[in-house]
Amino acid sequence: MTDTGGIAPAVESILATARQRGGGDERVSVDPRPLPAAIQRAEAAGRVPIIAEIKPTSPTTDGERRDDPVELAEQMVDGGATALSVLTEPEHFGGSPETLRAVREAVDVPVLRKDFILREDQLDTVEADLILLIARFVDDLDELVTAARERGFQVLVETHTEAEVETALDAGAEIIGVNNRDLARLDVDLSTFESVAPSGSEDVTLIAESGISTQGDVERMRAAGADALLVGSAIMDGDVAANTRRLTTTETEQ
Ligand SMILES: O=C(O)c1ccccc1NCC(=O)[C@H](O)[C@H](O)COP(=O)(O)O
């Protein structure tokens, strides 16, 4: 694993269970719904491209939301979500591969599998349009990016530092997320995206992740170059359709 030094106990626990988790028996083959095209459609329709996350709970959330994930997904799409992110991690986030399967069947937007994937066999758990790989935790990013693409997945490489962005670009990443949440301390700082996101790379789709809750936050991340924003807690807390609509209809200048 690349670097797990000095990370929060909750994340140590997430990684320990991820190392134990098996993968699928059969290699998956995905015909993905393209994220860049979905982002373009949202922008043409005057909506901010938001990837709304179905996150029943997390180490930094109080309690668990037990609503039907398919209903939540449909409400997010009604609210204008460009894509969905579905947690499949069971122990710390209340997710499951079955949830993702059901959500992907019910909607027609791209669906990201949000999990802590460390090995190739874990790619074969369930079909998704995109898969998340966290640069900090994957041993050989090039190898896993290639393995994911061979299965048809689009790959979102998550970063938190400039060095990780370099690693992602070296691995040929075309979709890069900058997580404003520091997985070492679990604190969130929106200036992370502003300082770490690469500028001027037209070929890369840039996603600002975590800590986005207000229309001001949306404007700030868009002004810093985010093509799309990944939002979990602020959408899951309350009326998910209304929360999604509030963020997707923010006026931004790009
Ligand atoms: O969300 C957490 O508490 C968390 C804790 C430990 C590792 C990862 C965690 N979250 C993963 C994410 O990247 C977020 O779910 C996602 O970016 C949405 O963030 P937010 O909008 O702040 O819920």
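Residues numbered from 1 in each chain as written. Predicted model: local features only at pLDDT ≥ 70, side-chain atom pairs only at ≥ 80, totals over all residues. Heavy atoms only, no water.

Cut-off, in case you're wondering: UniProt positions are given in the numbering used here, feature names are shortened, and annotations may be inferred rather than shown by experiment.
If you check an unreviewed UniProt entry, the protein appears there as Indole-3-glycerol phosphate synthase from Halovenus carboxidivorans. According to the UniProt record, the Sequence similarities (unreviewed entry) comment for the protein is "Belongs to the TrpC family."

Some remarks on the overall build of the protein
Formally: Helix and strand assignments come from DSSP, with helices taken as H or I runs of at least 4 residues and strands as E runs of at least 2, each series counted from the N terminus. With the radius of gyration taken over C-alpha atoms, the globule rule is written as 2.2 Å times the number of residues to the power 0.38. For the exposure calls, accessible area comes from a 1.4 Å probe over protein chains only, and a residue counts as buried if that area is under 20% of its type's maximum, exposed if over 50%, partly exposed in between. Note on contacts: a residue pair qualifies if any of its non-hydrogen atoms lie within 4.5 Å across the two residues. Note that accessible areas follow from Shrake-Rupley with a 1.4 Å probe, and for residues the cover is restricted to the protein chains shown. Neither His nor the chain ends contribute to the count of charged residues, in which Lys and Arg are positive and Asp and Glu negative. Here the site of a charge means atom NZ of a Lys, CZ of an Arg, CG of an Asp or CD of a Glu.
Scanning the protein from N- to C-terminus turns up eleven helices and eight strands. Its C-alpha radius of gyration of 16 Å places the protein within 12% of the 18 Å reference for a compact globule of 254 residues. Over its C-alpha atoms, taken along the principal directions, the protein stretches across nearly 45 × 40 × 35 Å. Within the protein, the proportion of its 254 residues that are buried is 54%. For the protein, the proportion of contacts with a sequence separation of at least 24, taken over those separated by at least 6, is 67%. Total accessible area on the protein is roughly 10800 Å²; 43% of this is exposed by carbon and sulfur atoms. If you average the places of the 23 positive and of the 50 negative side-chain charges in the protein, the two averages end up 3 Å apart.

Examining the side chain of R104
Note that R104 resides in helix α5 (residues 97–106). Assessed through its relative accessible area of 13%, R104 is described here as buried. Dropping the residues within four chain positions of it, R104 is found in contact with V30, D31, P32, R33, V111, E127, A128 and D129.

Topic: the UniProt feature "domain: Indole-3-glycerol phosphate synthase" (unreviewed entry) in the protein
Per the UniProt annotation, the sites labelled "domain: Indole-3-glycerol phosphate synthase" (unreviewed entry) are residues 27–247. Taken end to end, residues 27–247 is 36% helix and 18% strand, and its first and last C-alpha atoms sit 37 Å apart.

Topic: a negative patch on the surface
Keep this limit in mind: Any residue with relative accessible area above 30% and no salt bridge may belong to a patch, with like charges joined within 9 Å and the nonpolar Val, Leu, Ile, Met, Phe, Trp and Tyr side chains within 5 Å. For salt bridges, the criterion is a side-chain nitrogen of Lys or Arg within 4 Å of an Asp or Glu carboxyl oxygen.
A contiguous patch of negative charge on the surface is contributed by D139, D140, D142, E143, E162, E166 and D170. Of all the secondary structure elements, the ones that give two or more residues to the negative patch are α6 (141–150) and α7 (162–170). As for its placement among the helices and strands, E162 is situated in helix α7. Taking relative accessible area as the criterion, E162 reaches 54% and is therefore assigned exposed.

Concerning unusual backbone geometry
A positive phi angle, near 65°, is found at L186, a position not held by glycine. Structurally, L186 can be placed in the loop between β6 (175–179) and α8 (191–196). The backbone of S210 sits at a positive phi, close to 80°, despite the residue not being glycine. The class of S210 is buried, set by a relative accessible area of 12%.

Let's talk about the environment of P34
Its location among the elements puts P34 in the loop between α1 (9–20) and α2 (35–44). P34 sits 112 residues away from T146 along the chain, and the two C-alpha atoms are 17 Å apart.

Observations regarding the side chain of K114
Just so we agree on the cut-off: As used in this structure description, the phrase polar contact means that two N or O atoms lie within 3.5 Å; if the pair is within protein, one of them must be able to donate a hydrogen and the other to accept it, and residues adjacent in sequence are counted only when both atoms belong to side chains.
On the secondary structure map, K114 appears in strand β3 (residues 111–114). At 3.1 Å, the side chain of K114 forms a polar contact with the side chain of E53.

Some points on the sheet that holds strand β7 (residues 205–209)
What counts here: In this analysis, strands are considered paired if DSSP registers two or more bridges between them. For every element, the axis is a line fit to its C-alpha atoms; helices are fit only across the contacting stretch, and the angle between N-to-C directions ranges from 0 to 180 degrees.
In spatial order, the strands read β1-β2-β3-β4-β5-β6-β7-β8; together these eight strands close into a barrel with parallel pairing. Ignoring strand direction, the axes of neighbouring strands in this sheet form an average angle of 25°. Relative to strand β5 (residues 154–159), strand β4 (residues 130–134) runs parallel, the two being bridged by five bridges. Each residue of the ladder has a partner; that of L132, found in β5, is L156.

Observations concerning the site of the ligand
To keep things clear, this is the line we draw: In this text, near means that some heavy atom of the residue lies within 4 Å of the molecule or strand in question.
Neighbouring the ligand are 21 residues, the closest being E53, K55, T60, S210 and S233. Interatomic distance of 2.7 Å between a side-chain N/O atom of K55 and an oxygen atom of the ligand. Taking N179, its side chain carries an N or O atom lying 3.3 Å from an oxygen atom of the ligand. Relative to its free-state accessible area of 510 Å², the ligand is covered by the protein chains to the extent of 97%.

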